[in-house]
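# Inside the fold
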Amino acid sequence: MKRIIAAILATLMLVACFAGCSGKKTLVMGTNAEFPPYEFVDDSGKIVGIDAEIAQAVAEKMGYELEIRDMKFDSLITAVQSGNIDFALAGMTVTDERLLSVNFSNTYATGVQVVIVKEGSDIVNLDALEGKMIGVQSGTTGDIYCTDDYGQDHVKQYDSGALAVAALVNGQVDCVIIDNEPAKNFVKANAGLKILDTEYAVEDYAAAIAKDNTELLDAFNKALAELKAEGKLDEIIKKYIPAE
Ligand code: ARG
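Below: a short report on this structure. These figures come from a predicted structure and were not determined experimentally.

## Observations concerning the site of the ligand
As a structural note, the neighbourhood of the ligand is formed by 15 residues, with Ala 90, Gly 91, Thr 93, Thr 141 and Asp 179 the closest of them. Take Arg 98: an N or O atom from its side chain is 2.8 Å from an oxygen atom of the ligand. A distance of 3.0 Å separates a nitrogen atom of the ligand from a polar side-chain atom of Gln 137. Of the residues in the shell around the ligand, the class split is 5 nonpolar, 6 polar and 4 charged.

## Observations concerning the environment of Gly 151
Here Gly 151 shows up in the loop between α5 (141-150) and β10 (155-158). It is 24 Å that separates the C-alpha atoms of Gly 151 and Lys 194, two residues lying 43 residues apart in sequence.

## Re the sheet that holds strand β14 (residues 208-210)
Whether parallel or antiparallel, the strands of a sheet pair through hydrogen bonds between backbone atoms. Spatial strand order, β5-β1-β6-β14-β7: 5 strands in an open sheet with mixed pairing. The open sheet terminates on both sides in strands that have one partner only, identified here as β5 (64-70) and β7 (102-104). Examined bridge by bridge, strand β6 (residues 87-88) and β14 share 2 bridges and lie antiparallel to one another. Residue pairing across strands places Ala 88 opposite Ala 208, the latter belonging to β14. Across the sheet, helix α2 (residues 50-62) is in contact with β1 (25-31), β5 and β6; its angle to β5 comes to roughly 150 degrees. Docked against the sheet, helix α8 (residues 214-229) engages β1, β6, β7 and β14, running at close to 150 degrees with respect to β14.

## What to know about α2
Three- or four-residue spacings in an α-helix give side chains the same orientation, since the helix completes a turn every 3.6 residues. Between its first and last C-alpha atoms α2 spans 18 Å; for 13 residues at 1.5 Å apiece the expected length is 18 Å, and the two agree. Taken residue by residue, α2 has Ile 50, Asp 51, Ala 52, Ile 54, Ala 55, Ala 57, Val 58 and Ala 59 as its buried positions. Gly 63 occupies a position one or two residues after α2 and carries a positive phi of about 75 degrees.

## Some words on the pattern of salt bridges
One pass over the structure, following the stated rule, counts 9 salt bridges. Among the ionic pairs, Lys 72 bridges to Asp 159, the shortest N-O distance being 3.8 Å. Taken together, the positions of Lys 72 in the loop between β5 and α3 (76-82) and Asp 159 in the loop between β10 and α6 (161-169) put the pair 87 residues apart, joining distant regions of the chain. Note that Asp 122 and Lys 132 form a salt bridge whose closest N and O atoms lie 3.1 Å from each other.

What counts, and where the lines are drawn
- Residues numbered from 1 in each chain as written.
- Predicted model: local features only at pLDDT ≥ 70, side-chain atom pairs only at ≥ 80, totals over all residues.
- Heavy atoms only, no water.
- Near = heavy atom within 4 Å.
- Polar contact = N/O pair within 3.5 Å; in protein donor to acceptor, adjacent residues only side chain to side chain.
- Nonpolar A, V, L, I, M, F, W, Y, C, P; charged D, E, K, R; others polar.
- Helix = DSSP H or I, 4+ residues; strand = E, 2+ residues; numbered from the N terminus.
- Pairing = 2+ DSSP bridges.
- Contact = heavy atoms within 4.5 Å.
- Axes fitted to C-alpha atoms, helices over the stretch in contact; angles between N-to-C directions.
- Expected span 1.5 Å × (residues − 1).
- Buried < 20%, exposed > 50% of the residue type's maximum accessible area, 1.4 Å probe, protein only.
- Salt bridge = Lys/Arg side-chain N within 4 Å of Asp/Glu carboxyl O.

Below, the structure is given as structure tokens:
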């Protein structure tokens, strides 16, 4: 009996080792995988997208295994601060306010906050947003800027961009303010929507890393610079954002 138990234990340890002892350390990325083409869940249930592939390439350069954890966008900064994740890569905009809580890597992409409306909407420009109901993803820059500019009573927060867009389709909000590339994806997926030809805000995306983890910040920036120089970064972006 003892021998059987020992054998079972040994097998269990071996299995655990195959799962976790590849000899490499793991880098944990946090994201909110509801933001195509930067991060989304594909048909097989895997988190893919520009950020997922950049993180994979960065981890490989650093000699790490990558693990991706999906969470709400508005819990990412806290997860970085508490050390629950090593970094957040989530189409996240560098802002002065966030810089009080975390460090940001060098930027790897530009985002533009745009306005999605129903075709035929009387919202034709930013001025026409006054007094309207705006849908946003909670905790995003779209949320923060709109709340500042148009007042809390005019902003409805949703857990994801897709839910905000669904609310627009159902008539619960008059427009959605969100980053341009996800906006294009959402408009493609829903008939009768369009993006206004106006830029609400232009921003830089970067990885958020804990203030005290300057070692990771430096290594991340070094890997990112190499990926840029090798043309790998462009390649990843072009794969998900085909030239128009
Ligand atoms: N760029 C915006 C921000 O940083 C939105 C990012 C949302 N990202 C996501 N994965 N849901 O606030």
